[in-house]
Amino acid sequence: MAYKDVYDAWKSDPEGFWMEQAKAIDWVEPPSKALWDDNAPMYEWFADAKVNACYNAVDRHVENGRGEQTAIIYDSPITQTKRQISYLELRNRVANLAGALRAKGIEKGDRVIIYMPMVPEALEAMLACARLGAIHSVVFGGFAAHELAIRIDDAKPKAIIAASCGLEPGRVVHYKPLLDAAIDQATHKPDFCVIFQREQEVAQLVEGRDYNWHGFQYGVEPAECVPVEGNHPAYILYTSGTTGQPKGVVRDTAGHLVALNWTMKNVYNVNPGETFWAASDVGWVVGHSYITYGPLVHGNTTIVFEGKPIGTPDPGTFWRIIEEYKVRSFFTAPTAFRAVKREDPTGEYVKKYDLSNLRTVYLAGERADPDTIKWAQEKLGKPIIDHWWQTELGYPAVANPVGIELLPVKIGSPSVSLPGYAFKIVDDEGKELPRGELGAIVTPLPLPPGTLPTLWNAEDRFKKAYLTNFAGHYETGDAGMIDEDGYLYIMARTDDVINVAGHRLSTGAMEEVLASHPDVAECAVIGVGDDLKGQLPLGFLCLNAGCNREHADIVKDVVTMVRQQIGPVAAFKLATVVDRLPKTRSGKILRATMVKIADNQDFKVPATIDDPTILDEIKVSLQGLGYAKG
Ligand code: COA
Ligand code: AMP
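Source: prediction; values computed, not measured.

Enquirer: Account for the site of ligand 2, with residues named and values stated.
Expert: Around ligand 2, 14 residues are found, and the nearest of them are Asp386, His387, Thr391, Arg493 and Arg504. Gly365 places a main-chain nitrogen or oxygen 3.1 Å from a nitrogen atom of ligand 2. Within the side chain of Thr391, one N or O atom sits 2.5 Å away from an oxygen atom of ligand 2. Within the complex, the protein chains bury 91% of what would otherwise be the 490 Å² of accessible surface of ligand 2. Tallied by class, residues from the shell around ligand 2 come to three nonpolar, five polar and six charged.

Below, the structure written as structure tokens:
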């Protein structure tokens with residue numbers, strides 16, 4: 001079948017389409033129907049089914065003869081460790097861990113926060129929760145204690161599973177003190193913590209609260225898979241919104257299994273038994289969907305890579321892994337390729353490795369710039385597929401459906417709507433715009449299975465953020481256009497979310513930190529263009545009258561504060577003191593105009609601006625930081 005046939009099959013009968021895809025999942029009780037719309041616009045999928053995600057990701061493969069197949073490859077150039085875990089071994093390890101969690105009181109519906117680096121135990125912790133029907137919430141290791149505390153207070157976990165440390169090149173990330181500080185800061189306290197002690201650092205355990213990962217499993221009964229309703233939340237994953245309060249994206253169990261399984265062949269073009277590699281982190285949605293659940297549910301071998309594209313030890317790491325483990329499909333963020341390209345522009349390291357098993361490369365998480373795509377096409381000699389999705393959606397929404405049919409690649413476009421979506425471009429009033437015109441990107445409701453049904457404990461925020469501005473549609477928060485062939489082009493965010501090295505960050509959260517500095521009267525954070533990371537945050541500070549401290553000291557303070565409160569992942573290193581911020585007459589800070597000035601883009605002085613001369617002052621400040629030079 002061609003893409004058009006598959007897409008039309010979905011369009012003419014979405015219910016039939018998803019019920020057909022559901023056949024690939026093992027149900028305890030199969031769904032009687034796919035879509036539940038009685039409570040629209042709060043849609044649900046496969047709500048009357050009973051299923052277990054861990055069973056589908058692990059046990060069923062053991063029962064179906066894949067027990068000896070490698071489920072997880074752990075490759076850590078940082079610790080120089082390599083390890084392989086078969087499906088059988090994974091089943092036993094996860095059942096034991098789940099048994100130990102159950103013995104400590106974890107039951108279906110309880111939340112468990114997981115704060116771990118890229119080690120297989122992170123996946124095992126997720127799967128152990130899924131086995132019990134507990135709802136996990138993984139927090140990325142690059143977030144500091146305050147961010148972890150916010151998530152503890154929102155998710156109210158009964159337990160936290162953490163590692164003693166993470167390893168960044170040249171630096172040990174001391175997770176345990178961060179965890180302790182987060183629990184101190186949070187109002188909610190977990191009943192207990194489980195600490196995975198790594199060789200590189202043995203953490204001090206808090207008597208009566210903390211248990212050693214190994215010790216607490218000793219002598220317990222392994223747990224069986226607990227059937228849950230199709231609409232039972234599998235996990236909560238916090239993502240950046242416009243404020244310092246992250247959005248807790250909820251993922252329901254059944255839709256997630258059905259949709260991920262569908263994408264493994266139809267988008268990523270892998271067959272069960274083959275190796276699939278997403279070089280991301282379990283703390284992000286890519287890690288949930290394509291390091292953990294997608295490949296495992298589909299019976300693939302997945303890779304847990306603890307390293308960086310460069311420097312661990314060199315820009316050939318990706319190609320070494322692809323050769324060594326016969327990776328068929330490889331997924332990473334454009335920023336990783338930009339880093340490799342910068343160190344190996346002529347592709348000398350690529351030539352050292354046999355990439356004959358690799359079929360296709362996938363890029364997502366941020367805009368894939370044409371230079372990077374062309375470099376990768378030329379050096380790797382494989383199709384380079386840009387595809388677009390979001391934490392909210394959980395899996396690709398716009399892609400080249402390679403496993404169905406490789407459509408012509410148009411550089412700069414992630415290609416076409418996949419089944420479940422019918423993206424269109426609208427103006428502020430929701431009127432559909434003609435092909436080629438720029439506007440907000442929306443898709444009609446209901447969203448397909450596996451997408452967010454709501455935000456954790458925040459249904460109103462969910463409706464307001466995604467369903468209110470354009471009636472009957474989901475608002476993506478991205479702006480772009482569609483060409484005459486139906487290819488979508490993503491141009492920018494419509495909110496204050498920025499994308500730094502493929503990581504989604506909130507400028508609002510950074511502004512909250514800056515504003516808490518005693519000398520700062522007012523501030524703004526914008527994302528300025530960066531050749532390596534796509535964007536970098538840059539802060540403007542207006543100081544309180546009478547403040548006579550050195551500006552450089554205040555800048556240093558706020559850089560430290562963001563690192564300590566949000567975390568190193570914010571990559572906040574640029575700030576400058578200004579007298580005034582450009583605003584509209586109603587007081588709205590003109591952040592988008594400041595971005596355009598910084599990036600040397602054409603811009604119109606907004607008609608509503610209060611005092612246009614401030615823009616010149618901003619330009620001079622930006623020039624002092626090496627921007628706005630054009
Ligand atoms: N735990 C603790 N700290 C972390 C971390 C983690 N899991 N991940 C990143 N950090 C730290 C980094 O060490 C760095 O700290 P520093 O300021 O002390 O140098 C900081 O956060 C910023 O990290 P990052 O923006 O990733 O930059 P980098 O210089 O470490 O690496 C790249 C640059 C391009 C190589 C890197 O960003 C990369 O590989 N990106 C891939 C992006 C990706 O996988 N995105 C996921 C979506 S698909
Ligand atoms: P996240 O929720 O972290 O996956 O970030 C989602 C956001 O990243 C999207 O809303 C886009 O702004 C951006 N994004 C993801 N993939 C792409 C892509 N292929 N091209 C352009 N932007 C992308």
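Still to come is the rest of the account.
Enquirer: Mind laying out the packing of helix H3 (residues 53-66) against helix H4 (residues 87-103), listing which residues take part and the relevant values?
Expert: Between H3 and H4, the least distance of the axes is 9 Å, while the angle of their chain directions is 135°. As judged from the angle between their axes, H3 and H4 are oblique. The hand of the H3/H4 crossing is left-handed. Here H3 contributes Cys54, Ala57, Val58, Asp59, His61, Val62 and Arg66 to the contact with H4, which in turn contributes Tyr87, Leu88, Leu90, Arg91 and Val94. Grouping the amino acids of the contact of H3 with H4 by side-chain chemistry returns eight nonpolar, one polar and three charged.

Enquirer: Please set out the site of ligand 1 residue by residue, giving values where relevant.
Expert: Contacts to ligand 1 come from 23 residues, most closely from Glu168, Arg171, Lys533, Arg563 and Lys573. One nitrogen or oxygen atom from the main chain of Val569 is found 3.4 Å from an oxygen atom belonging to ligand 1. Contact with the protein chains removes 83% of the 930 Å² of surface that ligand 1 exposes when unbound. In terms of residue class, the shell around ligand 1 is built from ten nonpolar, six polar and seven charged.

Enquirer: Tell me about the side chain of Asn266, and please be specific about residues and values.
Expert: Relative to the helices and strands, Asn266 resides in helix H8 (residues 253-266). For Asn266, a relative accessible area of 17% gives the class buried. Within the local environment of Asn266, its side chain forms a polar contact with the backbone oxygen of Trp262, the two atoms lying 2.8 Å apart.

Enquirer: Requested: an account of the environment of Met1, with residues and values cited.
Expert: Here Met1 is to be found in the segment before helix H1 (3-12). Once the C-alpha coordinates of Met1 and Glu405 are considered, the two residues, 404 residues apart in sequence, prove to be 8.1 Å apart. If near-sequence neighbours (up to four positions away) are discounted, Met1 is found in contact with Val6 and Ile404.

Enquirer: Kindly report on empty space enclosed by the protein, identifying the contributing residues and their values.
Expert: Using the criterion set out here, one finds four cavities of 30 Å³ or more in the structure. Each pocket or cavity is described by its volume, and for the largest cavity that value is around 180 Å³. Classifying every residue of the lining of the largest cavity gives eleven nonpolar, three polar and two charged. Counted as a void, the second largest cavity has a volume near 100 Å³. Forming the walls of the second largest cavity are Phe143, Glu147, Arg151, Ser240, Thr243, Gly244, Pro246, Leu505, Ser506, Ala509, Met510 and Ile566. In the lining of the second largest cavity, the residues fall into six nonpolar, four polar and two charged.

Definitions and cut-offs
- Residues numbered from 1 in each chain as written.
- Chains lettered and ligands numbered in written order.
- Predicted model: local features only at pLDDT ≥ 70, side-chain atom pairs only at ≥ 80, totals over all residues.
- Heavy atoms only, no water.
- Near = heavy atom within 4 Å.
- Polar contact = N/O pair within 3.5 Å; in protein donor to acceptor, adjacent residues only side chain to side chain.
- Areas by Shrake-Rupley, 256 points an atom, 1.4 Å probe, with all protein chains shown as cover.
- Nonpolar A, V, L, I, M, F, W, Y, C, P; charged D, E, K, R; others polar.
- Axes fitted to C-alpha atoms, helices over the stretch in contact; angles between N-to-C directions.
- Helix = DSSP H or I, 4+ residues; strand = E, 2+ residues; numbered from the N terminus.
- Parallel < 35°, antiparallel > 145°, perpendicular 65-115°, else oblique.
- Left-handed = near helix turned anticlockwise from the far one by under 90°.
- Contact = heavy atoms within 4.5 Å.
- Buried < 20%, exposed > 50% of the residue type's maximum accessible area, 1.4 Å probe, protein only.
- 1 Å grid on protein atoms, 1.4 Å probe; cavity = no way out; pocket = protein on both sides within 12 Å on 5 of 7 lines; lining within 4 Å.
- Points joined across faces, edges and corners; volume = space filled by probe spheres on them.

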